[in-house]
Amino acid sequence: MKLEDVRRAIRRNSHGRAPGDAPSLGRLARMPGTGLPKVSKRKLKSRKKNQKRQRQLTLLIWSSLLGLAVIAVMGGVFGLWLLPKMNQSATQSSHTNGSAEPPDRLASRFPSPTESEALEMVKSALALRNPLAVASYFRPGGSTPQQVVDFLQELDATEGPITRFAWLSSIDANRLSIDGVLVSLNGKENPTTRLALLTPDAVGVWKIDFDALARTVTPSWDDFLDHTTESAQVRVFVARDSYYNGPFKDDNKWVCYGITSPDREEIFYGYCRRDTAQHAAMEALFVRETQMIRATLKIQYHEAAGPRQFVISRILAEDWAMGETDFDVSFD
């Protein structure tokens, strides 16, 4: 055997690794997942852009929903605040709107004062400070001339100077011929209004009903609400309501009315028994005004009722000027 054949056989059986070389691992299987197609840079950039756009859209949707919720809540609060004022404004403006047809006048033996005469009468009356002149301008009711003057002085001090007189023309009510003048005052905190109702006496002299102007309550609201007395005669705004609770929970037996006064912040609830003269008289008050009317009522406590719930025991007058007989008498 030749020496070269021996060397060739030795090299075939060795690993052929020189000193310092890494060991041979032989054939290796490919790792799972390797060799899959790679995502191109363009597709990766497009995917990130779509994700960003979706996040922006989601944020916009939630912001819009939150904004709508806030607007809805604010609208509801504003509506609750505005509704009573709209009702009161509708009552007052129904006679000042030139496009509305005036109600039919009651047959009267005496001509009404002209607009200028009515305005001048009210201006002069509110400027009075002499008790001796009260009888020439006012029908004082149960008040003395001095009490009338004291009220006028206090009115100027508490409700501020008069800013406007608005002629309401005919607002006949309670079977009386009535002309009205709305008096606007500046008010210390908020503007206020007073209603001067002019009616003729037996000989045709037109005078201002003092109790309507003063919104006289007998006894006072404070005495009545403190339970010093069990009943009171009040001049108020009235609207239909649906608060049935306590002893008045059965709406088959009771009819509910909301009651407010410009002199009080509370909202009261008055109840008439169904199918009574008082119920019929109350419904008759809403013939001309469907939302809110002025009325003079007698209210009294019910022993089981809440502090703002009362029985309407009499309807004394349509509007705030009382006639010779109570309004509900003709409904008996």
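Thresholds, definitions, all that
Residues numbered from 1 in each chain as written. Predicted model: local features only at pLDDT ≥ 70, side-chain atom pairs only at ≥ 80, totals over all residues. Heavy atoms only, no water. Pairing = 2+ DSSP bridges. Helix = DSSP H or I, 4+ residues; strand = E, 2+ residues; numbered from the N terminus. Axes fitted to C-alpha atoms, helices over the stretch in contact; angles between N-to-C directions. Contact = heavy atoms within 4.5 Å. Expected span 1.5 Å × (residues − 1). Buried < 20%, exposed > 50% of the residue type's maximum accessible area, 1.4 Å probe, protein only. Arc of directions from axis to C-beta. Salt bridge = Lys/Arg side-chain N within 4 Å of Asp/Glu carboxyl O. Phe/Tyr/Trp six-rings, centres within 6.5 Å; stacked < 30°, edge-to-face > 60°. Lys, Arg positive; Asp, Glu negative; His and termini not counted. Polar contact = N/O pair within 3.5 Å; in protein donor to acceptor, adjacent residues only side chain to side chain.

Turning next to the sheet that holds strand β6 (residues 231-240). The strand order around the closed barrel built from 5 strands is β6-β7-β8-β10-β9, with neighbouring strands paired in mixed fashion. Within this sheet the neighbouring strands show an average axis-to-axis angle of 55°, counted without direction. The pairing of β6 with strand β7 (residues 254-260) spans 4 bridges and is antiparallel. For Phe237, the partnering residue across the bridge sits in β7 and is Thr260. Where helix α8 (residues 277-285) meets the sheet, it contacts β6, β7, β8 (268-273), β9 (293-300) and β10 (309-318), and its direction lies at approximately 60° from that of β10.

Looking now at helix α5 (residues 145-158). Helix length check: α5 (14 residues) gives 20 Å between terminal C-alpha atoms against 20 Å at 1.5 Å per residue, within 8%. Those residues of α5 that fall on the buried side of the exposure criterion are Val148, Val149, Phe151, Leu152 and Leu155. The buried residues of α5 occupy one face: seen down the axis, they fall within an arc of 155°. Looking at the packing, one finds that the buried side of α5 touches α3 (115-126), α4 (134-137), β1 (138-139), β3 (179-185), β4 (192-200) and α6 (210-214). Positive phi appears at Gly160, one or two residues downstream of α5, with a value of about 80°.

To continue, consider the pattern of salt bridges. As enumerated under the stated definition, the model contains 8 salt bridges in all. Across the salt bridge formed by Glu159 and Arg194, the nearest N and O atoms sit 2.5 Å from each other. Of this pair, Glu159 sits in the loop between α5 and β2 (162-170) while Arg194 sits in strand β4, placing them 35 residues apart in sequence. For Arg194, a relative accessible area of 6% gives the class buried. A salt bridge links Arg240 to Glu283; the nearest nitrogen and oxygen atoms lie 2.8 Å apart. Taken together, the residues Arg240 in strand β6 and Glu283 in helix α8 connect sequence positions 43 residues apart. A relative accessible area of 44% places Arg240 in the partly exposed class.

With that settled, the discussion passes to the packing of aromatic side chains. A full pass over the atoms with the stated rule returns 14 aromatic pairs. Centroid distance Phe138 to Phe210: 6.1 Å. Interplanar angle 85°. Geometry classified as edge-to-face. Of the two residues, Phe138 is situated in strand β1 and Phe210 in helix α6; the sequence distance between them amounts to 72 residues. Comparing Phe138 with Phe210, the two get one shared label, buried. Aromatic side chains Phe268 and Phe310 sit 5.6 Å apart centroid to centroid with 45° between the ring planes, which places their arrangement in the tilted category. Taken as a pair, Phe268 in strand β8 and Phe310 in strand β10 lie far apart in primary sequence, 42 residues in all.

For the rest of this paragraph, the subject is unusual backbone geometry. With an omega of -10°, the peptide bond running from Thr218 to Pro219 counts as cis. Along the chain, the position of Pro219 falls in the loop between α6 and α7 (221-225). Located in the positive-phi region is Arg215, a residue other than glycine, with phi close to 50°. We note that His227 has phi near 65°; this positive angle belongs to a residue other than glycine. With respect to the helices, strands and loops of the structure, His227 is situated in the loop between α7 and β6. The class of His227 is partly exposed, set by a relative accessible area of 46%.

Looking at the secondary structure, you find Arg235 in strand β6. Asp211 is the oppositely charged side chain nearest to the buried, salt-bridge-free Arg235, at an N-O distance of 4.2 Å. Looking at Arg235, its side chain comes within polar contact range of the main-chain oxygen of Thr216, at 3.0 Å. A distance of 2.8 Å separates a polar side-chain atom of Arg235 from the backbone oxygen of Trp320. Dropping the residues within four chain positions of it, Arg235 is found in contact with Asp211, Ala212, Arg215, Thr216, Val217, Ser261, Ala295, Thr296, Trp320 and Met322.

Taken as a whole, α8 has its buried residues at Ala277, Gln278, His279, Ala281, Met282 and Leu285. Those residues of α8 that are buried are in contact with β6, β7, β8, β9 and β10.

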